[in-house]
Amino acid sequence: MRRSVPLNLFGIPFGLLGLADCWLVAATFHLASVTIGRVLVGVAVVVWGVVGLSYVRGIRANRVALGDELGNPIAGPFASLAVITPMLAAADALYPLSHTAGSVIVDVLIVATVVLAGWFTGQWIYRPLELSKVHPGYFLPSVAGGFVASASAGLIGQRGLAEMLFGLGLVSWIVLGSIVLGRLVLGPALPAALTPTIAIEVAPAAVATFAAFVVDGHRVDTAVRLLAGYGLLMVIAQVRLLPAYLRLSFMPSFWAFTFSWAAVTFAGLTWLGVTRPTAWRAESYVALALISAFIGAIAARTALALQRGNLLPTPSPATASGPVAPVLPGSAVSR
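A brief structural summary. Computed from a prediction, not measured in an experiment: that's the story for all the values here.

About the thresholds
Residues numbered from 1 in each chain as written. Predicted model: local features only at pLDDT ≥ 70, side-chain atom pairs only at ≥ 80, totals over all residues. Heavy atoms only, no water. Helix = DSSP H or I, 4+ residues; strand = E, 2+ residues; numbered from the N terminus. Buried < 20%, exposed > 50% of the residue type's maximum accessible area, 1.4 Å probe, protein only. Contact = heavy atoms within 4.5 Å. Salt bridge = Lys/Arg side-chain N within 4 Å of Asp/Glu carboxyl O. 1 Å grid on protein atoms, 1.4 Å probe; cavity = no way out; pocket = protein on both sides within 12 Å on 5 of 7 lines; lining within 4 Å. Points joined across faces, edges and corners; volume = space filled by probe spheres on them. Core = buried A, V, L, I, M, F, W, Y, C linked by side-chain atoms within 4.5 Å. Expected span 1.5 Å × (residues − 1). Phe/Tyr/Trp six-rings, centres within 6.5 Å; stacked < 30°, edge-to-face > 60°. Axes fitted to C-alpha atoms, helices over the stretch in contact; angles between N-to-C directions. Parallel < 35°, antiparallel > 145°, perpendicular 65-115°, else oblique. Left-handed = near helix turned anticlockwise from the far one by under 90°.

A tally of regular secondary structure across the protein chain gives twelve helices and zero strands. Taken from the N to the C terminus, the helices and strands of the protein chain come in the order α-α-α-α-α-α-α-α-α-α-α-α. C-alpha atoms of the protein chain, sized along the principal axes, occupy 60 × 45 × 40 Å. Residue burial in the protein chain is summarised as follows: out of 335 residues, 51% are buried. Of the contacts made within the protein chain by residues no fewer than 6 positions apart, 80% connect residues no fewer than 24 positions apart.

Following this line, the structure appears as structure tokens:
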């Protein structure tokens, strides 16, 4: 039986794309060559293709229905990354080379992102969720989808659409943020395999800040400051979570850390580049070096796990039945 590829592996190209955006922002302020960022976008797209092809082959070989995958209350939300990643990649690297091709692909994927976000929202209403199955990955379809789509639309010059999509992301964040944070505070502890998704809590404010910069022309206004305030709170909260993170063994869900902290970095780099405080260049280079080393280390550990053959979950008789299949490597860890 072929090993199944869990949906959260789409976090790998998403994280690599986050690193690419850090370098592209640095290039915007003449701190690095734009070529580095575009090469990283290319790497992210190639990895996205490999993960996507492997995922399709896995569900076909194991006779798993795509509808069951999307309806899975734990793994389903990660499916949105399969659409969000190429959307942002096209805005980042294809649009500067071909406005027409870039605009068409971004617009098509924006539609797909909004439809998928709407489907998940309806699904969660139609089939009430158990509190214990909710996790920060629920931000991905509509919150991350809305804000990333807003930034993508802004990058290709569609400001009106970008503002509308920002609203989609913002209201979704307000609603889902309360639910997810309430679950983390009052609900049962997340299983080990999902614990890294708590890092996603830092992403909405950071991605919203970046989208606001793109839409409003790199201005630090009241809205950006409000977003930064909440973002700072979530970043500090992560420090308290370090003991929980340090107890974890490596697993693919560690990629939840990558785009989340890359978003904090590229939002911060944009802020530094716009305001240009004393030593802003040195601070920018330190931030760029740290995020590159961090994501590089996770990528290296992933490559090692792949080489050893323990990156993907081991096939089991339950895999072929779809809904009861393990959806995340390590998800069998007790709470």
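With that settled, the discussion passes to the pattern of salt bridges. Pairs can form between side chains of opposite charge whenever their charged atoms are close. Taken as a whole and judged by the stated rule, the model has four salt bridges. Salt-bridge contacts for arginine 219 lead to aspartate 221; the nearest nitrogen and oxygen are separated by 3.8 Å. Relative accessible area serves as the criterion here: at 44%, arginine 219 is assigned to the partly exposed category. The network of salt bridges with shared partners includes Arg159, Glu163 and Asp216.

Before going further, it helps to spend a moment on empty space enclosed by the protein. For the structure shown, the criterion picks out four cavities of 30 Å³ or more. Here the largest cavity defines a volume of roughly 260 Å³. What lines the largest cavity is a set of 22 residues, among which Phe14, Leu140, Ile200, Ala256 and Ser260 lie closest to the centre. Listing elements by their share of the lining of the largest cavity, those giving two or more residues are helix H1 (11-28), helix H6 (139-155), helix H8 (203-216) and helix H11 (256-275).

Note that soluble globular proteins tend to have their nonpolar side chains buried in a common cluster. In this structure, Met87 and Trp173 are the most contacted members of the largest nonpolar core, which totals 100 residues. In terms of residues, this core owes the most to one element, H1, which gives eleven residues. Leaving out residues up to four positions away in the same chain, methionine 87 has contacts with Val106, Leu109, Ile110, Thr113, Gly145, Val148, Ala149 and Ser152.

Here we take up helix H12 (residues 280-308). For H12, built from 29 residues, the straight-helix expectation of 42 Å at 1.5 Å per residue is met to within 8% by its first-to-last C-alpha distance of 42 Å. Taken as a whole, H12 has its buried residues at Trp280, Ser284, Leu288, Ile291, Ser292, Ile295, Ile298, Thr302 and Ala305. Elements in contact with the buried residues of H12: H1 and H11. Phi turns positive, to about 80°, at glycine 309, one or two residues after H12.

Further remarks concern the side chain of threonine 270. By secondary structure assignment, the location of threonine 270 is in helix H11. In this structure threonine 270 touches Val25, Phe29, Phe210, Phe213 and His218, once residues within four positions along its chain are discounted.

This part is about the packing of aromatic side chains. Scanning the entire structure with this criterion turns up 14 aromatic pairs. Judged by centre distance (6.4 Å) and plane angle (85°), the rings of phenylalanine 213 and tryptophan 271 are edge-to-face. Taken together, the residues span a long stretch of sequence, with phenylalanine 213 in helix H8 and tryptophan 271 in helix H11 at a distance of 58 residues. Judged by its relative accessible area of 0%, phenylalanine 213 falls in the buried class. Between the aromatic rings of phenylalanine 254 and phenylalanine 257, the centroid separation amounts to 5.6 Å while the plane-to-plane angle is 85°, which identifies the pairing as edge-to-face. For phenylalanine 254, a relative accessible area of 14% corresponds to the buried category.

A word on the packing of helix H7 (residues 159-186) against H8. Angle between the axes and distance between the axes: these two values describe a pair of packed helices. Relative orientation of the contacting elements H7 and H8 amounts to 160°, with a least axis distance of 10 Å. The orientation of H7 relative to H8 falls into the category roughly antiparallel. By crossing handedness, the relation of H7 to H8 is classed as left-handed. The residues of H8 that touch H7, namely those facing Arg159, Ala162, Glu163, Phe166 and Trp173, are Pro204, Ala205, Ala208, Ala211, Ala212, Val215 and Asp216.

Right, let's get into the environment of leucine 9. Of note, leucine 9 is situated in the segment before H1. Each C-alpha atom, one on leucine 9 and one on leucine 109, is 20 Å from the other, the two residues being 100 residues apart in sequence. Sequence-distant contacts of leucine 9, that is, excluding residues within four places in its chain, are made with Val51, Pro252 and Leu312.

Another aspect to go through is unusual backbone geometry. Despite not being glycine, arginine 63 shows a phi value in the positive range, around 55°. Phi at arginine 276 is positive, roughly 50°, even though this residue is not glycine.

Structurally, the α-helix is built with 3.6 residues per turn, so residues lying three or four positions apart point the same way. In this model, helix H2 (residues 34-61) (28 residues) spans 41 Å end to end at C-alpha, consistent with the 40 Å of a helix rising 1.5 Å per residue. Turning to H2, its buried residues number three or more, namely Gly37, Val41, Ala44, Val51, Gly52, Tyr55, Gly58 and Ile59. Taken from the residues just after H2, arginine 63 is the one with a positive phi, measuring 55°.

Coordinates in, geometry out; function isn't part of it.
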